[in-house]
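Structural overview for review
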Amino acid sequence: MTDNEDHDSRYLGARFSDRLKCLVLADGSEIKVRPQCLLVFQCLANQAGHVVSKQTVFDAVWGNKQVTEDSLTQCISELRRALGDDDHKTLRTVPRQGYRLVADKVEEHAKWSELSDQSNRAVAATVSVDAIDQHVTPRFFQPRAFWLVLPLLVVAAIFTLRSVETNSSSASNNKSADDVPTVFLTFDKSSGNTIAPPLKAIVNEARVAFSRYRSVVLRDDASADYQLRITSHAAGSGQQTLAVEVTQRSSGNVLFAESLDIPESDNAARELGIRIAAMVAAPGVGAIGRHLLAASNKKPVSELSRAECYANGYDCTNCSGELDSITRRAEACLADIIEEHPTDARAWALQSTVYAHQYQWGTNLPEPQRSNLAERSHLPALAIEAANRAEKLSDGGDSAVYWAMVQAYGAACDIDKMQTAIDRGLQINPDDPSMLAAFGNFLAYAGQWDEGVELVERALEIEPRHYKRWWLFALAKRHYIRGEYEQALGKFKQAFNERNWLSHLQMAYTLPYLGRLEEARKAVRNLQLIAPGMTVEQALQTYRIYCFPDTYLEKMKQALIEAGLPSRGSSSNFNDIFVPHARIIQINGTSVEYMDLGEGVPVVFVHGAISDYRSWTHYQNLISEKYRYLSYSRRYFGSQQWIDGGENYSIHVAADDLIAFIEALNLESVFLVSWSSGAKAASIAAIKRPDLIQGIVHYEPVVDSLADLDDSETPVGARDKHYGGFDRVDEFLTSEDPEGAVKSFLETVFELHPGQFETEVMPIRMVVLDSARTLPLMSGSVSPGPPITCDYLAAMQTPTLVVYGTKTNQWWQYLARRYAECAPNVMLKTISGVNHAGPIRKPDVLFALISEFIDQQVKASKR
């Protein structure tokens, strides 16, 4: 491509104009795409017909700038939309290799300019692309014959385009249906038991209700995947009950069982039929969806069926403040489905919800997008676009499309369009409790309190036993905005979940209006343990994202300030709330993410294994109230792209990076606080550059090379017992299960029982799961430099405080004491009742020790 010429090659009739710096159609009209996406197109066009690796595109478009693969994926999607390449035949993905851009046949180029935009795209989709694949020029595109068939060609192309769209939608639905779980419904009565009149109404209504769900299909034969058995039983006083049981036919396992009273009236019986269908088929709360989700947890993403992937996409058990994300598994498998079946309406719908959740919570995104709402501002548009595509591909009978569309327009706070999507979704299935509850909460949050509560109450009528606690939020918050604080508190208590930070936040901003200030302050303390770093501004921004009106935010803000929730940032304008977020800095050729908050003496926090800068968030507010808080992610940790394959993973490189980080921020002298293996980098940095380090606090420095194995008192048996727990980690790594490996790693480090990872607080789980890629580096790590021995530490003159927990395993307690013996100028202290998780179990206690130590050293330096 020269600087002064337009590129001659066309792609579905479009070409790149170097003069105009854009894509243009034959009639000269421009196709708008983002500048970086245009650069992606140029890179692929320069090697048209050849496979171009993703790395080549990254190097050409973004150079040394650190971006995620999602940036390239979004550009590929944008280019396909611009070209009308719905079938991915022009801009092709070559699995595990890259992308290939296929130009139109040369003979066709002159003819494209004679076709209308709509008809030329239809011809390209139905004729030209097929011809390209066969390397044959269609007979009717020969120059002499072309003008004779052009009028018929245009008409045929438009007709074919419509047919292709219709057939594509139908094909998509058929393909999806092949993977939809099937259910065989049977009804039995106990021997000697008469059939009560309402039973027929129950079964008939259940069948009708089932037909409204696309998540399951009723089948009238025993070859179905599941059996739903409804059995009537006689109870006391002539009362009859129904036993509802769902069994997986392949295993015979009972997945769900419920006993229900048979009502006397037909209307109540029909309601019971609706309820039975919801118990089994409703996405999110239905027995089959829950089973698919549980069954998929042990499978690699590549082996998930489409139904299992949908179940992951629908999963909302983590959407109530406990772990606010659609999982990486859902993202990955939905991307695979869309890549393989680009006309799958449900996959596009659920992909829309992924974008909406990423906007709302920042989860599974790299910094600075993860913590900076402004960096995520493009995601609602992507959510809306994906939802609209799902609607276009759908046959109009899948409520999942509108489930997605409501969330997409909710993310954009476009309430009118959200209401329209709600109406359409409920026309398809007015009795899906999951959908009713979600729609109701979205409406209520946006200020349509009565309409929203009405939908939630209907959801609770259908599912009064197995509802999600967050369904009740809308009811409580309507009471709150009305000033009915006792009623609001009652509903918040009914919805309360000890592990849900939103529950504690709601208590914190409700109790002050009842004069119960001390309880509100306790709620704030509990909130800070579950959602460390939470501030007034962060709470307000979260609610604003969900479109809460100013009146609600103002009441909430005043109560939170009174309850003692810290303030960091600004919220004088609810349309422009500022929340401090992570920053990015370049050191030693790699991108480092960090949090910088507060003023005064700088305190730099150094994390340990499978972690990042967020592992110290419990100290963000505590430290920044008095000092300058700085926490960074070490090389290979955090969300930034690696600049190599991990070859430079070593404690000495980590120490050099730490020194470079301090210097890059122009910090003349800092205090370091480390945890676990982070003590290695902190110690080496202090020895190399004592002028930069004023003091160090180590919580349980895990430096095995300090052990004196010649000493008979060394607790080698305790070492072998504790480290034996890491055998499970190796097993998971060997079986290529990094998620299982990091969960097992944390359970071993924190001395938890297998499976207790799921009981850990949300922020710790998120940090650990996000750091899974670092775990394999640890087993093969190298240290190009002297080992940290007693003799090595003897050179460190920096004042140091070593702290360990009294419940920590004996080996790590020994290493903490050994560190204090080897290094001069060291104080040793303990925290009672905690183990290696002490910094997150008792942050106030460790903060007090850190603060006391810093103040002592600052005071001593001024003498």
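Just so it is clear, the structure is predicted and the values come from calculations on it, not from any experiment.

Cut-offs and rules
- Residues numbered from 1 in each chain as written.
- Predicted model: local features only at pLDDT ≥ 70, side-chain atom pairs only at ≥ 80, totals over all residues.
- Heavy atoms only, no water.
- Phe/Tyr/Trp six-rings, centres within 6.5 Å; stacked < 30°, edge-to-face > 60°.
- Buried < 20%, exposed > 50% of the residue type's maximum accessible area, 1.4 Å probe, protein only.
- Lys NZ or Arg CZ within 6 Å of the ring centre and 35° of its normal.
- Salt bridge = Lys/Arg side-chain N within 4 Å of Asp/Glu carboxyl O.
- Helix = DSSP H or I, 4+ residues; strand = E, 2+ residues; numbered from the N terminus.
- Core = buried A, V, L, I, M, F, W, Y, C linked by side-chain atoms within 4.5 Å.
- Contact = heavy atoms within 4.5 Å.
- 1 Å grid on protein atoms, 1.4 Å probe; cavity = no way out; pocket = protein on both sides within 12 Å on 5 of 7 lines; lining within 4 Å.
- Points joined across faces, edges and corners; volume = space filled by probe spheres on them.
- Nonpolar A, V, L, I, M, F, W, Y, C, P; charged D, E, K, R; others polar.
- Axes fitted to C-alpha atoms, helices over the stretch in contact; angles between N-to-C directions.
- Parallel < 35°, antiparallel > 145°, perpendicular 65-115°, else oblique.
- Left-handed = near helix turned anticlockwise from the far one by under 90°.
- Disulfide = S-S within 2.5 Å.
- Pairing = 2+ DSSP bridges.

1. Quick word on the packing of aromatic side chains
- With the rule as written, the count across this model stands at 37 aromatic pairs.
- With 5.6 Å between their ring centres and 65° between their planes, W616 and Y619 make a pair best called edge-to-face. Comparing W616 with Y619, the two get one shared label, buried.
- We note R346 situated over the ring of Y310; from NZ or CZ to the ring centre the distance is 5.4 Å.
- Residue placement shows R719 over the ring face of W811; its charged tip is 5.7 Å from the ring centre.

2. Looking at the pattern of salt bridges
- Throughout the structure, instances matching the rule amount to 38 salt bridges.
- Notably, a salt bridge pairs E308 with K299, separated by 2.8 Å at the nearest N-O pair.
- Judged by its relative accessible area of 5%, E308 is buried.
- Looking at K299, the relative accessible area reads 30%, which means it is partly exposed.
- The salt bridge involving K829 is made with E852; its shortest N-O contact spans 3.5 Å. In this pair, K829 sits in strand 19 (residues 826–831) while E852 sits in helix 35 (residues 843–861), placing the two residues 23 residues apart along the sequence.
- Exposure remark for K829: the relative accessible area of 29% places this residue in the partly exposed category.
- The class for E852 is partly exposed, based on a relative accessible area of 38%.
- A cluster of three or more residues bridged by salt bridges with shared partners is formed by E367, R370, E593, D612, R614 and D770.

3. Observations concerning the nonpolar core
- Counting 144 residues, the largest nonpolar core has L228, W501, L505, Y509 and M556 as its most contacted members.
- Each residue touching L228, except ones within four places of it in the same chain, is listed here: V183, F184, L185, T186, F210, V244, E245, V246, I276 and V280.

4. Quick notes on empty space enclosed by the protein
- As enumerated under the stated definition, the model contains 9 cavities of 30 Å³ or more in all.
- Approximately 810 Å³ is the volume found for the largest cavity.
- As for the largest cavity, its lining consists of 36 residues, of which W361, R370, S371, P532 and Q538 are closest to the centre.
- At the level of elements, helix 12 (345–361), helix 22 (536–545), strand 13 (590–597) and helix 30 (762–770) are the ones that each hand at least two residues to the lining of the largest cavity.
- Taken together, the residues of the lining of the largest cavity sort by class into 17 nonpolar, 13 polar and 6 charged.

5. Here's the deal with the packing of helix 18 (residues 473–481) against helix 19 (residues 485–494)
- With their axes 7 Å apart at the nearest point, helix 18 and helix 19 run at an angle of 160° to one another. Overall, the two elements helix 18 and helix 19 adopt an arrangement that is roughly antiparallel. In the packing of helix 18 onto helix 19, the handedness of the crossing is left-handed. Residues L475, A476, K477, H479 and Y480 of helix 18 lie in contact with helix 19, whose contacting residues are Y485, Q487, A488, K491 and F492.
- Here the residues of the contact of helix 18 with helix 19 sort into 6 nonpolar, 2 polar and 2 charged.

6. Points about the state of the cysteines
- Counted under the stated rule, the structure contains 4 disulfides.
- The disulfide partner of C37 is C75, and the S-S distance across this bridge is 2.4 Å. In this structure the cystine formed by C37 and C75 twists about its S-S bond by roughly -75°; its chirality is therefore left-handed. Pair noted here: C37 is in helix 1 (residues 35–45) and C75 is in helix 3 (residues 69–83), with a separation of 38 residues, a long-range link.
- A disulfide bridge connects C790 with C822, and the sulfur atoms are separated by 1.6 Å. The disulfide joining C790 to C822 has a torsion of about -55° about its S-S bond and is therefore left-handed. One end of the pair, C790, is in helix 32 (residues 790–793); the other, C822, is in helix 33 (residues 810–822), with 32 residues separating them in the sequence.

7. Quick look at the layout of surface pockets
- Empty space within the second largest pocket amounts to approximately 1,000 Å³.
- Forming the walls of the second largest pocket are 40 residues, and the residues nearest its centre are A609, S677, K680, F745 and M778.
- Breaking the lining of the second largest pocket down by element, the ones donating at least two residues are helix 28 (727–734), helix 29 (738–749), helix 30 and helix 31 (775–779).
- Class assignment for the residues of the lining of the second largest pocket results in 24 nonpolar, 12 polar and 4 charged.

8. Re the sheet that holds strand 2 (residues 22–24)
- Strand order in the open sheet formed by 3 strands is 1-2-3, with antiparallel pairing between adjacent strands. Since the sheet does not close on itself, it has two edges, and those belong to strand 1 (15–17) and strand 3 (30–31), each with one partner.
- Of the pairings in the sheet, the one linking strand 2 to strand 3 comprises 2 bridges and is antiparallel in character. Bridge pairing links L23 to I31 in strand 3.

9. A look at unusual backbone geometry
- In this structure, P368 follows E367 across a cis peptide bond, with omega equal to 10°.
- Along the chain, P368 falls in the loop between helix 12 and helix 13 (379–393).
- One non-glycine residue, E700, lies in positive phi territory at about 50°.
- Counting through the fold element by element, E700 comes out in the loop between strand 17 (693–699) and helix 27 (716–723).
- The phi torsion at E751 lies on the positive side, around 55°, for a residue other than glycine.
- Here E751 is to be found in the loop between helix 29 and helix 30.
- Residue E751 is classed as partly exposed on the basis of its relative accessible area, which comes to 35%.

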